[in-house]
Structure formats: structure tokens, C-alpha cells
Amino acid sequence: MTDPGFTGEQQEYLKGFMAGVEARRGTLLPGGGEGGAPPDALRAAQDATIARGGKLVPQEDAKRAKHPLDRWDELTARAQANTFPKPIDDFIGRYHGLFFVGPAQDAFMCRLRIPGGILSAHQLDGIAEIARDCAGAYADITTRANLQLREIPAAKGIEVVARLAELGIIPKGTGADNIRNITASPTAGIDAQELIDTRPLVRALHHHILNTRDLFGLPRKFNISVAGGGAVEVLEETNDIALRAVRTPDGLRYRLTLGGITGHRDFARPTGVVVKPEDAVRVCDAILRVFIAEGDRTDRKTARLKYVLDRLGVDRFIALVEQRLGIALERIEDAALDHAPPPAKHGHMGIHAQKQDGLNYVGIVTPVGRLAFAQLQGIAALARRFGSGTIRLTVWQNLIVSDVPDSAVAEACAAIAALGLGWQASKLRGGLVACTGNAGCKFAASNTKRHAAELADFLDARITVDAPINIHLTGCHHSCAQHYVADIGLLGAKVERGDDLVEGYDLHVGGGAGPEQKIGRMILPKVAADVLGPTVLAVLSAWMRDRAPGETFQAF
Ligand code: SF4
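Below you will find a few notes about this structure. Everything numeric here is computed off the predicted structure, so don't read it as measured data.

## Side note on the overall build of the protein chain
- Along its length, the protein chain carries 15 helices and 21 strands.
- Whereas a compact globule of 556 residues would reach a radius of gyration of roughly 24 Å, the protein chain reaches 25 Å, a difference of no more than 12%.
- Evaluated residue by residue, the protein chain yields a buried proportion of 56% over its 556 residues.
- Within the protein chain, contacts between residues at least 6 apart in sequence are counted, and of these 66% link residues at least 24 apart.
- In the structure as shown, the protein chain presents an accessible area of about 22,500 Å², 54% of it carried by carbon and sulfur atoms.

## Quick word on unusual backbone geometry
- Note that the residue after Gly 102, namely Pro 103, is joined by a cis bond; omega there is 0°.
- Along the polypeptide, Pro 103 turns up in the loop between strand 1 (98-100) and strand 2 (108-111).
- For His 346, which is not a glycine, the phi torsion comes out positive at approximately 65°.
- With respect to the helices and strands, His 346 occurs in the loop between strand 11 (330-331) and strand 12 (350-353).

## Brief notes about the pairing of strand 17 (residues 431-434)
- Of the two faces of strand 17, the one lined by Gly 431 and Val 433 and the one lined by Leu 432 and Ala 434 are each fully buried.
- Here 4 bridges tie strand 17 to strand 18 (residues 470-474), and the two strands are oriented parallel to one another. Paired with Ala 434 across the strands is Leu 473, a residue of strand 18.
- You can see the chain leave strand 17, run along helix 14 (residues 448-460) and come back into strand 18, and the turn it takes is left-handed.

## Considerations on the pattern of salt bridges
- Within the structure shown, the criterion is met by 41 salt bridges.
- Its salt-bridge partner being Asp 133, residue Arg 132 comes within 2.9 Å of it at the nearest N-O pair.
- Given a relative accessible area of 33%, Asp 133 falls into the partly exposed group.
- Linking Arg 450 and Glu 454 is a salt bridge whose minimum nitrogen-to-oxygen distance equals 3.1 Å. With Arg 450 and Glu 454 both in helix 14 and 4 residues apart, this pair spans about one turn of that helix.
- Its relative accessible area of 43% is what places Arg 450 among the partly exposed residues.
- On the accessibility criterion, Glu 454 (40% relative accessible area) is partly exposed.
- Beyond isolated ion pairs, a larger network of salt bridges with shared partners links Glu 60, Lys 63, Asp 177, Arg 297 and Arg 300.

## A short note on helix 8 (residues 199-210)
- Relative to the 16 Å expected for 12 residues at 1.5 Å per residue, helix 8 spans 16 Å between its end C-alpha atoms, a close match to the ideal helical length.
- Taken together, the buried positions of helix 8 are Leu 201, Val 202, Leu 205, His 206, Ile 209 and Leu 210. For helix 8, the buried positions fall inside an angular range of 155° around the axis, keeping them on one side. Opposite the buried face of helix 8, by more than 90 degrees, sit the exposed residues Pro 200 and Arg 203.
- Its buried side turned inward, helix 8 meets strand 6 (183-184), strand 7 (224-227), strand 8 (241-248), strand 9 (251-258) and helix 9 (280-294).

## Quick notes on the site of the ligand
- Residues in close proximity to the ligand include Cys 435, Thr 436, Cys 441, Phe 443, Ala 444, Thr 474, Gly 475, Cys 476, His 478, Ser 479 and Cys 480, which together make up its full environment.
- The residue makeup of the shell around the ligand, split by class, is 6 nonpolar, 5 polar and no charged.

## A word on the packing of aromatic side chains
- Applying the stated criterion across every chain yields a total of 5 aromatic pairs.
- For the pair Phe 91 and Tyr 95, a centre-to-centre distance of 5.8 Å together with 70° between the ring planes defines the contact as edge-to-face. We note that Phe 91, like Tyr 95, is buried.
- Ring centres 4.7 Å apart and planes at 35° place the aromatic pair Trp 543 and Phe 553 in the tilted group. In this pair, Trp 543 sits in helix 15 (residues 532-546) while Phe 553 sits in the segment after helix 15, placing the two residues 10 residues apart along the sequence. You'll find Trp 543 and Phe 553 in the same group, each marked buried.

## Digging into the nonpolar core
- Counting 62 residues, the largest nonpolar core has Leu 112, Ile 127, Leu 147, Leu 149, Ile 391, Leu 393 and Leu 399 as its most contacted members.
- Sequence-distant contacts of Leu 149, that is, excluding residues within four places in its chain, are made with Phe 108, Met 109, Cys 110, Leu 112, Ile 127, Ile 130, Ala 131, Ala 135, Tyr 138, Ala 139 and Val 160.
- Judged by nonpolar contacts, the second largest core, of 45 residues, contains Ala 245, Leu 256, Val 275 and Phe 291.

## Quick look at empty space enclosed by the protein
- One pass over the structure, following the stated rule, counts 2 cavities of 30 Å³ or more.
- Roughly 90 Å³ of internal volume is contained in the largest cavity.
- At the level of secondary structure, the elements contributing two or more residues to the lining of the largest cavity comprise helix 4 (72-81), helix 5 (87-94) and helix 7 (157-166).
- Of the residues assigned to the lining of the largest cavity, the class counts are 7 nonpolar, 3 polar and 3 charged.
- Considered as a void within the structure, the second largest cavity measures approximately 40 Å³ in volume.
- As for the second largest cavity, its lining consists of Asp 40, Leu 42, His 67, Arg 213, Asp 214, Phe 216 and Gly 217.
- Grouping the constituent residues of the lining of the second largest cavity by class yields 2 nonpolar, 2 polar and 3 charged.

## Observations concerning the sheet that holds strand 10 (residues 269-275)
- Strand order in the open sheet formed by 6 strands is 6-7-8-9-10-11, with mixed pairing between adjacent strands. If you trace the sheet from one side to the other, it starts and ends with strand 6 and strand 11, each paired once.
- Pairing of strand 6 with strand 7, which is carried by 2 bridges, proceeds in the parallel orientation. Bridged to Thr 183 within strand 7 is Ser 225.

## What to know about the environment of Pro 342
- Of note, Pro 342 is situated in the loop between strand 11 and strand 12.
- Separated by 110 residues in the primary sequence, Pro 342 and Val 232 place their C-alpha atoms 8.7 Å from one another.
- Leaving out residues up to four positions away in the same chain, Pro 342 has contacts with Gln 193 and Pro 515.

Cut-offs used in this document
Residues numbered from 1 in each chain as written. Predicted model: local features only at pLDDT ≥ 70, side-chain atom pairs only at ≥ 80, totals over all residues. Heavy atoms only, no water. Helix = DSSP H or I, 4+ residues; strand = E, 2+ residues; numbered from the N terminus. Rg over C-alpha atoms; globule rule 2.2 N^0.38 Å. Buried < 20%, exposed > 50% of the residue type's maximum accessible area, 1.4 Å probe, protein only. Contact = heavy atoms within 4.5 Å. Areas by Shrake-Rupley, 256 points an atom, 1.4 Å probe, with all protein chains shown as cover. Pairing = 2+ DSSP bridges. Right-handed = clockwise from strand over helix to strand, strands pointing away. Salt bridge = Lys/Arg side-chain N within 4 Å of Asp/Glu carboxyl O. Expected span 1.5 Å × (residues − 1). Arc of directions from axis to C-beta. Near = heavy atom within 4 Å. Nonpolar A, V, L, I, M, F, W, Y, C, P; charged D, E, K, R; others polar. Phe/Tyr/Trp six-rings, centres within 6.5 Å; stacked < 30°, edge-to-face > 60°. Core = buried A, V, L, I, M, F, W, Y, C linked by side-chain atoms within 4.5 Å. 1 Å grid on protein atoms, 1.4 Å probe; cavity = no way out; pocket = protein on both sides within 12 Å on 5 of 7 lines; lining within 4 Å. Points joined across faces, edges and corners; volume = space filled by probe spheres on them.

Structure, rendered in C-alpha cells:
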């Protein structure tokens, strides 16, 4: 790079400048991206795996070939050709929130991203319209306080994602090896017993994730939950990162536990660490980066955070987090922490006074999470008319409408009933949770949503229990409905009947979360779906008859 117009001094300067560029290029290229791009966390972790002699799984190869976030054009091309993706391309589509769910349905499912489960009536109206125009005219509330749209034709997938973005809902990373919707106390900011309003942290974390490309290169999916100490259970200890608000001698903090994955029979384990709310994004980011560097990219079955913790131990893992942060994290013994009162079991239903004088939140019961177009629009309308236009989804597959004045509660409840929904339910139906099941998921052994509804009808007609009971039906070992933390947990299974295989469940009892934390145990394998009602009725009847006073399912 010489120019006859430059002075000798200028030419020397330029020579030095170019030498510096070359030198920097030399340090950036090894292990870096193609075309001289600087190395990102994903590429560095993959290179380290390969250097150790590890063979990357096909999903890692796909990520390595081209970052899935840069493959939107492939999705649009397929939409124009009206075709669904092949398996590994489907993995790429999941980075953008689109899941091909064949053969269960010849359609896409779109999983949204609703931080903390809180959305506006305007957004719910928009979602209803998208469901009507581009999907099956209904939405499912998930166990991550999120929504899913189903029955989306091949040509409509892109339109769904684009229209959601126009509503401020970005479903990036809701599938594949990414951070899922952040769950949090649904009554944040309105709950008289909460210690910390989780909304600012959840919002900051949500945007940090969406805008940090390195965080779309995880070895496997990742769950984060933030409990503020409110009256509604959020099941934070079932998450990879679980933050729970606590009072310490030095002020309010989040207690950090890690590695929850109840499908693998593990709750998040204590770390001894507490985090100031204002530091929580930075700490979560460092935890995620240690996971990116240390997670297993050679075996999908052992790629979750739990297995990194099993291998390194919690103390070593936290030391690596501190190394990344360049500071020592604050540690306080559990005995010195003061917790909010435990959440109320089934506190997600019914009418409750808010911490704001004269205002109430109303929990609306849904039929295992499914809401038709008219109900979605109706809820948006009643949230606007009787409340502040705020809707709060819960991990219990129901929703809450907040900020309803005392004077409007009765009318709001009547409007809920007019939509064919309830604001109260029996002690068996209030904790009824079901995953998608085989009507929409290829992994399912059974039709969980249908069987859940039938089971609740059968039991409600025959028994009245005197304490809230959680019944969770999950279609396969992925355990989206978390059968291991239910009083009665049902895991889909095929049951032999003569020469046929019929739908059924392995029956577990005694699981729980929060103050009842326990992994359920199987007491009866392979119960056919058509005898599920009488079988669960017998279990409940035995518990009612034989338990000691006040004895829960966990102790029974
Ligand atoms: Fe599908 Fe299994 Fe999840 Fe149910 S638990 S939705 S069957 S992956």
C-alpha cells in the first residue's frame, strides 16, 4: 500500500499500520470463523471439542456450517416453495421459532417468547388474529408460561414469525440449543408477599439474550426462571438457572441454584451464591458462557448443564464463572437467608387482592391450556375492559388478568364464564397439566390433553378431595409437563393388550416442588388410558382413607 503522493514518513506509518492489521488477523483467524471473521464462543467451544478428539454431533455440524440465525433466507425459500424442512433443516428453523411437527401433524408449530409470561391485550389480540389467519385458530399455553400456535401450513410459517415480530414478540431461540422463554412469578409487581418485583430483571435478561449472538450457541437447550417470592408457584428449581428472591442481612438478593432438570430427576442444586438484582444479568451471562465452553457437544443425552455440574462439581463451576466475571461472587449460608412465605398451591386460580389498594387479580382456568380464537380475543377484551389490559400466563397452563377494581370483579367473572372458562375449579382440576401429546407431538405415546380432560371429568364426578392435588400428564420422557414433580404424575407409555398396543401411562406419585420438593416414584407401570380414571380414583381414595392427619402425597 504505497502512493507516490505520500511522504516517506506517511508511507512508514502506513506500513506499520498494515503490519498491525496482518498481525491481528493472525491472532483472529486460528479457530475463528471462515472468511476472517473473529472466533465466536460457539466456534471456540467446537474447536476445543475437536482438539480433544471429540466428534461433534450432527446438530453441532449444522451450526458450524453456517450459523442458524443467518439461514432465514432458507426458511423463506421453503415457504415460497410450500415445503416443510427435512430433520436437520428443521433444527435450523427452530432457531427462528418454527418447528415442523410431522408426522403427528403435517404442519409447523410456532413457539412464542413472552418474558415472564406477561403480555398486553394488544399482543393477545394480535396473536389471536395470527392464529385465525395462519394457524389452527387456537393457542396453547405451555408449561413455560408461553404460547404455541399449531397447524401452520408450510407457506405460512414465515408470515407467523414476521407478524409476531410486528407485535413485539420475537420467537428467536425458542427451540433447538437455545435459551427458552424466561419464566418468572406471574404476579410480579402486584403481589403483596413478593420480595422483589422480577419484571425489570426478566425484561433485561430477555433483551440481553435476544441481542447477544454468542448465547445462540449452546450445547443444548437451557431454562431460566426467576421467582420473586410471590403467591404463585413458578417451579424455578426445575430450571438450569433458578433465581429466588431472599432477604439477607445485607438486603434483598436472588439465591442462585443451578442444573434443575426434573425429566432427569434433578432439582437445581444450591451454590451458596446470592446475587444482587442489578448484577443478575451479568452473572447469568457468565454462567451461560461457562456452559458454552464446558458443555458436551459429542452426546445430546449428556449435553445439559446438569452433566457439566456432575463432572466439574458446583464449586469448580462457580470458580469458572467467577474467573469469567473477574470478581468473587457473594456467598451467604442458606441458614442466614429469609424467604417469603411459600406460594399457595393452586394460587394461580381465583380472585386475590393485589398489593395496590382496591385492585385484584383473577386467575382464569383453561382446559389444559388450550384457548380458541374467540376466547383469546375475549380475554384480551375483558383484560382491557375490567383491568389494565395486562395478561399474565403461568406455568400451570392458565392465565391471570390483573388490576381489576373491587367494583368490577363480579362482572369480570361473569365475562370469564361467558367465554366458557372458569375462575375457580375443583382441587383436582386446578393443578391439571398436560403436554401436547400425540395429537401434535411425534414423541408422545398417548393423547395427553384428551386423557387429562377425561380424567378430570371422571374424578370430579366421583370424589372430592380436601387438599389441592397436582396431576400432570406428559407424553414422553422429555417430560414437558414435568410428571416427576406432580402429586400424581403420568408418563405416556404403550400398553400391550392382546396383540395390540394401546395408549396408556406409567403412574407416579409423591412428586412436588417448592416446600413439597420431591421427585415422584413410579407405583404402577403401563396403565391403559381406558382404565386411567378408576386407577387414579383408587389411588386418591387410598390416600384419603389411610393418610395421617395432614399427610401429603409426598409423605404418603
Ligand atoms: Fe412431546 Fe414429549 Fe414434550 Fe409431550 S413431553 S410435548 S410428547 S416432547
